[in-house]
Each structure stands twice: as structure tokens, then as C-alpha cells.
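Results of the structural survey
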Amino acid sequence: MRLLVTGGAGFIGANFVHQTVRERPDVDVTVLDALTYAGDRTSLDGVAGSVRFVEGSITDADLVDGLVGESDAVVHFAAESHNDNSLDDPSPFVQTNVVGTFTLLEAVRRHGVRFHHISTDEVYGDLELDDPAKFTPDTPYNPSSPYSSTKAGSDLLVRAWARSFGVEATISNCSNNYGPYQHIEKFIPRQITNLVDGVRPRLYGAGLNVRDWIHVEDHNAAVWAILDGGRPGETYLIGADGETNNLDVVRTLLEIFGRDADDFDHVADRPGHDLRYAIDASRLRDELGWTPRYTDFRAGLEATVQWYRDNESWWRPHKAAVEAKYAATGQ
Ligand code: NAD
Ligand code: DAU
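Residues numbered from 1 in each chain as written. Chains lettered and ligands numbered in written order. Predicted model: local features only at pLDDT ≥ 70, side-chain atom pairs only at ≥ 80, totals over all residues.

Another point: the overall build of the chain. Each helix and strand counted, the chain has 11 helices and 13 strands in total. Relative to a compact globule of 331 residues, whose C-alpha radius of gyration would be 20 Å, the chain shows 19 Å and is just as compact. C-alpha extents for the chain along the principal axes are approximately 55 × 45 × 40 Å. Here the contacts in the chain between residues at least 6 apart in sequence split such that 82% fall between residues at least 24 apart. (Helix = DSSP H or I, 4+ residues; strand = E, 2+ residues; numbered from the N terminus. Rg over C-alpha atoms; globule rule 2.2 N^0.38 Å. Contact = placed C-beta atoms within 7 Å.)

Below is the structure:
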């Protein structure tokens, strides 16, 4: 199988490429990535000999057409992915997430290529803390931020191209990932790298917001399950029953670092901050037989802490600039 992976130099995409090279020797991987601030070619160093890397944008229609024409399937990870950045400047989110996805859809339509679209649970908005409900594939779309609204827009394009043009497409909406190679602007790696530096973690607002954490390898195993057995036109929710509030995540990290449980700061809250996400992954589990392997969140966090300790050269060059940007918004 010739597989085109967009965004393969980013967090989840790079992990997907590593996992694919390791577990699927029959797959020829081509990565298309624009190497924005969030993309890092060195994340693919360990698999460089087994993967073709093309630097370019998913909004470049000619480039995309040529690469899609040489592929049997596309897995589309490329996106602007950070909510806080989308509040600062939504423009690249519309370009990459909406126009880029449209560009890919037109190419897969022309060439009759299988398409899997990677999306987020944030398209469904948020849930109350005391609501027993979880997101299901039937939950109405209700995105809150420029990031999540552009992801919602891209999902709707995929649904329309599947229905109107018969594009063989599937969509997955996953909850919050953690693990190696995650950009240090994101919550968990930001706090880990703060703690490595002896700096107090930063909690937005009261820290009661809940995220449904899943290890990135479990997410990517689910993506392969969908590529192997997913029904065209269908949406699969990916989550591992990992609901935890931000305060508890910070307290667990403080414990791992041997620091006092109250050794953190509350900082300015995110405008429009979604309260709680929770995934019902029944369809994925029942239809495709997927189950998560990383069910011990603390053990997964410990391994992730160790990865950031062992790979300081990967993140250190970005730390000062990320913190300077947060300082400007009081976060
Ligand atoms: P990331 O920001 O770490 O990586 C994004 C990658 O896309 C980078 O390598 C970047 O260079 C590339 N990219 C950006 N614009 C591009 C363009 N125009 N053309 C080509 N490449 C471009 O993101 P991530 O956290 O790995 O997320 C990957 C996907 O998974 C996204 O679609 C995101 O919406 C989705 N998702 C993420 C999470 C999460 O917790 N991180 C959860 C659910 C879904
Ligand atoms: O739910 C899936 C989504 O998860 C993905 O679609 C996004 O691409 C991904 O970035 C993530 O979005 P979040 O906004 O939930 O992730 P983030 O890591 O930015 O923040 C997680 C929680 O932690 C959120 O409630 C905000 C809070 N936070 C974040 C940072 C950076 C803090 O309390 N302090 C921080 O310093």
C-alpha cells in the first residue's frame, strides 16, 4: 500500500509514521508536511531511511494532486492544532484546516483514492461537569473556538464529499492525546518542561476543566483499525475513558517530580474555555475490536516525563519563545 500522510512531522503524525514503519513493513509511506512552527523533521530521524519526505503545503493544489495520484490512501493529520494560537490569529487555521482539507478532497475525488480525516472531539463543543453524557457520533456540532470551528468545517466538507461525490472517506474524532513528540505549547509537555526547569506549572483558571486523555499510540492504533475495517462515509469517535481535570494532571506531575502538591500557579483563563470533553468510543470498540493499551494514565505520564528528560535537545530550542508568548497573555 502507498500511503500519503499529511502532517507527518507533527506530534500525532510523527508517532503514526513511527508506528507504521515498525508494524506495517508492507506500507510505503510518503509524508507531506509544511514544517510550520509545529512540524519538526527530526521527529522522523529514526525512520528517515524508510519514509519519503516532501516539504510543502496541503493548500498547494498541484503538489497535492501529484502526490495523491501516486497514492492508494491518504491519512490527513496536517492542521493548525492549538486553540490558544487560534485566538491570537485565526487566519492560518482557516487556510490549512478548511482550504487545505478542501484541496485534498478534490484530489482524492479526481484520483479515486481512499481518505481518512483526523479530527477532534472539540467539534462537539463541551459538556457540563456533572453531565453523565458523553460525545457520540450523533452529538450535534457546536464548536467554540476558531480552531475547533475550522476542524468542524473540515469534517463537514469530508461528509459532503463522501455523500455527494462518493469519495471513500472516513472520519475520526479523538480526545486529547499525550506522549512523545508533542509540542511544548500544549498543556502536558508545557508543564513537564517547566518542572524540568524548576518552574511552577501554570493552570488556566480554576483548573477544573476536564479532558479525556488518550495515549497517542492508542489513537494511532485506532486509526489503523479504521483504515483496515472502517465503513466508508462513517465517523468513529476515539477515546480511552481517560477523563481527568487539569488540576489532577498537574498534581500527578508534581508528585512524579517529587514536588509539593500546591507548587503551581493559577493564571489567566482561556477565553471561551471548553469545560469538559468525554468520548463514547462504543462504535470503534464494538465494530472494529479496538481497545486501548495505555490504561494506566499515571504510568503513561511517567513514561512521557522520561521521554522529555531524555530528549531535551528536541524541545529546548523552543522553550524560551513559547514561554514569552504565553507571558504576553498573562498565561
Ligand atoms: P501538530 O500541531 O503537532 O502538528 C501539525 C503538523 O501539520 C505539523 O507537522 C505542521 O508542520 C503540519 N502542517 C500545518 N499546516 C500545514 C500545511 N498547510 N500543509 C502541510 N502541513 C502542515 O498537531 P497534532 O497535535 O499532531 O494534531 C494532528 C491532527 O490531529 C490535527 O488534525 C488535530 O486537529 C488532530 N487532533 C489532535 C489532538 C491532540 O490532542 N493533539 C486530538 C484530536 C485530534
Ligand atoms: O480534545 C482534542 C484537542 O485537544 C485537540 O483537538 C487539540 O489539537 C489539542 O491541542 C487539544 O486541545 P486542548 O485545548 O484541550 O489542549 P491544550 O493542551 O491546549 O490544553 C489542555 C487543557 O489544559 C485545557 O483545558 C487548557 C489547559 N491548559 C493549557 C495550557 C497550555 C492549562 O491549564 N495550562 C496551560 O499552560
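The subject of this paragraph is the site of ligand 2. If you check the shell around ligand 2, you find 19 residues, and the closest are Ser 81, Thr 120, Lys 186, Phe 187 and Tyr 204. When contributions to the shell around ligand 2 are tallied by element, the ones reaching two or more residues are helix H6 (187-196) and strand E8 (202-204). With 3 residues, the single largest contributor to the shell around ligand 2 is E8. Counted by class, the shell around ligand 2 contains 4 nonpolar, 8 polar and 7 charged residues. (Near = placed C-beta within 6 Å. Nonpolar A, V, L, I, M, F, W, Y, C, P; charged D, E, K, R; others polar.)

Another aspect to go through is the site of ligand 1. Close to ligand 1 lie 31 residues; Gly 7, Gly 10, Ala 38, Gly 39 and Ala 79 are nearest. Those elements that place two or more of their residues in the shell around ligand 1 are helix H1 (11-23), strand E2 (28-33), helix H4 (91-111) and strand E5 (114-120). Looking at the shell around ligand 1 residue by residue, the classes come out as 13 nonpolar, 15 polar and 3 charged.

Once that is clear, we can look at the pairing of E2. Strand residues, when the strand is regular, have side chains that alternate between the two faces of the sheet. Pairing of strand E1 (residues 2-6) with E2 involves 5 bridges; the strand directions are parallel. Counted as the bridge partner of Val 5 is Val 31 from E2. Once you follow E1 into H1 and on to E2, the crossover reads as right-handed. (Pairing = 2+ DSSP bridges. Right-handed = clockwise from strand over helix to strand, strands pointing away.)

Once that is clear, we can look at the packing of H6 against helix H8 (residues 246-256). It is at 11 Å that the axes of H6 and H8 come closest, and there the two elements cross at 35 degrees. The interaxial crossing formed by H6 with H8 has right-handed handedness. Contacts between H6 and H8 involve Phe 187, Ile 188, Gln 191, Ile 192 and Leu 195 on the former and, on the latter, Asn 246, Val 249, Val 250 and Leu 253. When its residues are assigned to classes, the contact of H6 with H8 shows 7 nonpolar, 2 polar and no charged. (Axes fitted to C-alpha atoms, helices over the stretch in contact; angles between N-to-C directions. Left-handed = near helix turned anticlockwise from the far one by under 90°.)

Moving on, we get to unusual backbone geometry. Unlike most non-glycine residues, Tyr 181 shows phi in positive territory, near 70 degrees. Note on placement: Tyr 181 falls in the loop between strand E7 (177-178) and H6. For Tyr 181, a count of 23 C-beta atoms within 10 Å translates into the label buried. Notably, Asp 241 is not glycine yet its phi reads approximately 55 degrees, a positive angle. With respect to the secondary-structure elements, Asp 241 resides in the loop between strand E11 (235-238) and strand E12 (243-245). (Buried ≥ 20, exposed ≤ 12 C-beta atoms within 10 Å, placed from the backbone.)

In a regular helix each residue adds 1.5 Å, so 14 residues correspond to 20 Å; helix H7 (residues 216-229) covers 20 Å between its end C-alpha atoms and thus fits that length. Burial within H7 is extensive, with 10 of its 14 residues counted as buried. Within H7, burial applies to Val 216, Glu 217, Asp 218, His 219, Asn 220, Ala 222, Val 223, Trp 224, Ala 225 and Ile 226. (Expected span 1.5 Å × (residues − 1).)

This part is about the sheet that holds strand E6 (residues 169-174). Strand order in this open sheet of 7 strands is E3-E2-E1-E4-E5-E6-E11, and the pairing throughout is parallel. Either end of the sheet is taken by a strand with one partner, and the two such strands are strand E3 (51-55) and E11. The mean angle between the axes of side-by-side strands here comes to 20 degrees, regardless of whether they run parallel or antiparallel. Its contacts with the sheet place H4 against E1, strand E4 (73-76) and E5, and it is angled at close to 170 degrees to E4.

Keep in mind these numbers describe shape, not what the thing actually does.
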